Amino acid sequence: MSSHTAWVVLSDGARPTEDIYFLASAAPGLRRRGVAVERFAVSRSFGASWLHGRSLLRRYAGANLLLCRSLPLGWLRWLERHRNAFGYITYLIDDDIFAASNDPTLPAAYRKRMGKIAKLQPRLVSLVDEVVASSAQLARCFFSEHANVQVLTPPLIAPLPSLQHFTLPPSASAHWKIGFYGTRAHLADLMHIAPAIQKMQSQRVDTQVEVMLGSHTPESLITLPRLNAPCPLPWEAFKVYQREHHCHIGLAPLLDTPFNHGKSFIKFFDITAMGGVGIYSNRYPYTEIVRHGENGLLVNDAPVEWRSALEHLLENPKAAANMAQQAAVDAKHLGNIEAAVQFWLKRSEAVPQ
């Protein structure tokens with residue numbers, strides 16, 4: 001494989017990150033242009049890095065490498081020793097790992113896992129030719145760590161549905177679905193607006209709420225009428241779920257925390273991919289793309305404002321449908337796949353520093 005026509009994703013299992021920013025977005029276009037793209041899964045077992053490293057060298061010497069979020073220590077050591085055997089190396093990051101490891105609102109197991117990644121991250125950064133971050137705010141975290149830091153906002157990899165589910169206004173026989181599709185990392189964000197959901201769901205008969213947190217759904221919500229709490233899904237299953245289900249209104253609360261400061265606007269795409277109009281926290285990154293009243297709603301942190309926003313959309317179904325339609329138009333523009341292809345194509349020709 002020649003260095004200017006090959007990319008290998010050296011994968012530690014961060015499939016959503018790999019797919020969104022490279023494998024499911026840019027890779028098909030790169031392949032059409034003659035750029036070979038492969039994914040090489042690393043193993044965490046002792047000694048595997050040395051054995052599998054030999055296989056990697058034999059098959060992909062000279063190729064460009066893409067590292068996503070993390071690498072096991074054994075593989076990191078191996079790559080430090082064999083750095084010169086490869087071409088251009090990029091580190092792709094879509095979360096503030098250090099902030100996550102120090103955020104008391106996040107689940108303890110998640111913080112611990114992020115702490116292990118954060119400890120090794122400086123060594124990863126020092127290995128690469130470029131750091132690619134998913135938002136401008138996150139990129140700033142690396143300005144003092146690396147001379148070449150670039151931004152690649154999320155490409156849109158999900159198909160956009162028809163908006164036929166907006167045909168009927170909300171009623172007792174045609175519930176409008178209000179969805180929260182964040183992970184446990186956003187549990188504190190959800191709990192902050194839970195009072196708005198409680199009051200709305202207790203007083204209306206025309207709404208259904210879906211919270212994809214399963215057993216981790218807050219107690220204050222789980223007993224509400226017409227509340228569905230499916231278990232969180234693995235990445236591939238979640239993509240299927242997105243294609244097969246819709247919502248009318250999506251919730252994307254984001255509290256003012258160091259961890260949240262580095263977030264991308266990927267939730268805008270998640271909500272739009274399910275045919276919904278989003279209600280978003282009135283702060284970065286959503287303030288960069290959401291035009292209040294046009295392609296979604298921006299609201300401050302007070303739960304009463306979230307309830308007011310929900311009521312506004314439910315009482316104005318035509319306006320809600322128009323916002324969902326505009327969100328779909330904007331998602332196609334913001335998540336332009338060809339822009340991602342060109343981003344990586346440029347790096348396919350880059351010379352390692």
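Residues numbered from 1 in each chain as written. Predicted model: local features only at pLDDT ≥ 70, side-chain atom pairs only at ≥ 80, totals over all residues. Heavy atoms only, no water.

A.B. asks: Explanation requested: the nonpolar core in the structure shown.
C.D. replies: Generally speaking, soluble globular proteins have nonpolar side chains that are buried together. Leu 10, Leu 56, Leu 67, Leu 79 and Tyr 91 are the most contacted members of the largest nonpolar core, which totals 40 residues. Broken down by element, the residue count for this core peaks at 8 residues, all from helix 6 (residues 108-127). Excluding residues within four positions of it along the chain, Leu 79 makes contact with Leu 10, Leu 65, Leu 67, Leu 71, Phe 86 and Leu 127. Counting residues in hydrophobic clusters, the runner-up holds 32 residues, among them Phe 180, Ile 193, Ala 320 and Met 323. (Core = buried A, V, L, I, M, F, W, Y, C linked by side-chain atoms within 4.5 Å. Buried < 20%, exposed > 50% of the residue type's maximum accessible area, 1.4 Å probe, protein only. Helix = DSSP H or I, 4+ residues; strand = E, 2+ residues; numbered from the N terminus. Contact = heavy atoms within 4.5 Å.)

A.B. asks: In this structure, what is going on with the layout of surface pockets? I would like to understand it.
C.D. replies: Over the atoms rolls a probe the size of a water molecule, and its path tells where empty space is left. Space inside the largest pocket adds up to approximately 1400 Å³. If you go around the largest pocket, you meet 47 residues; those closest to its centre are Pro 16, Arg 69, Asp 95, Tyr 110 and Thr 183. A per-class count over the lining of the largest pocket returns 26 nonpolar, 9 polar and 12 charged. (1 Å grid on protein atoms, 1.4 Å probe; cavity = no way out; pocket = protein on both sides within 12 Å on 5 of 7 lines; lining within 4 Å. Points joined across faces, edges and corners; volume = space filled by probe spheres on them. Nonpolar A, V, L, I, M, F, W, Y, C, P; charged D, E, K, R; others polar.)

A.B. asks: When you look at the side chain of Ser 135 in this model, what are you seeing that I'm missing?
C.D. replies: By the element assignment, Ser 135 lies in the loop between strand 5 (130-133) and helix 7 (136-140). Under the relative-accessibility criterion, Ser 135 is labelled buried at 2%. Setting aside anything within four residues of it in sequence, one finds Ser 135 in contact with Val 151, Gly 262, Lys 263, Ser 264 and Tyr 284.

A.B. asks: Please explain the sheet that holds strand 6 (residues 149-151) as it appears in this structure.
C.D. replies: Sheet strands pair by backbone hydrogen bonding; their relative direction is either parallel or antiparallel. If you trace the 6 strands from one edge of the open sheet to the other, you get 2-1-3-4-5-6, paired in parallel fashion. Both edges of this open sheet fall to strand 2 (36-41) and strand 6, since each of them pairs with a single strand only. For this sheet, the mean inter-axis angle between neighbouring strands, taken without regard to orientation, is 25°. (Pairing = 2+ DSSP bridges. Axes fitted to C-alpha atoms, helices over the stretch in contact; angles between N-to-C directions.)

A.B. asks: Help me understand the sheet that holds strand 11 (residues 277-281), please; the structure alone is not making it clear to me.
C.D. replies: What the 6 strands build is an open sheet, ordered 9-8-7-10-11-12; its pairing is parallel. Pairing within the sheet leaves two strands with one partner each, and these edge strands are strand 9 (227-228) and strand 12 (297-299). As paired elements, strand 11 and strand 12 share 3 bridges and run parallel to each other. If you follow Ile 279 over to strand 12, its bridge partner there is Leu 297.

A.B. asks: Before we go on, may I ask you to explain empty space enclosed by the protein in this structure?
C.D. replies: Under the definition given, this model contains 2 cavities of 30 Å³ or more. There is about 60 Å³ of room inside the largest cavity. As for the largest cavity, its lining consists of Phe 180, Tyr 181, Gly 182, His 186, Leu 251, Ala 252, Pro 253, Lys 267 and Tyr 286. Residue composition of the lining of the largest cavity, by class: 6 nonpolar, 2 polar and 1 charged. By volume, the second largest cavity amounts to about 30 Å³. Every residue lining the second largest cavity is listed: Asp 189, His 192, Ile 193, Pro 253, Leu 254, Leu 255, Ser 281, Asp 301 and Trp 306. It is helix 8 (residues 187-203) that provides the largest number of residues to the lining of the second largest cavity, a total of 3 residues. Here the lining of the second largest cavity is composed, by residue class, of 5 nonpolar, 2 polar and 2 charged.

Structural measurements only, silent on function.
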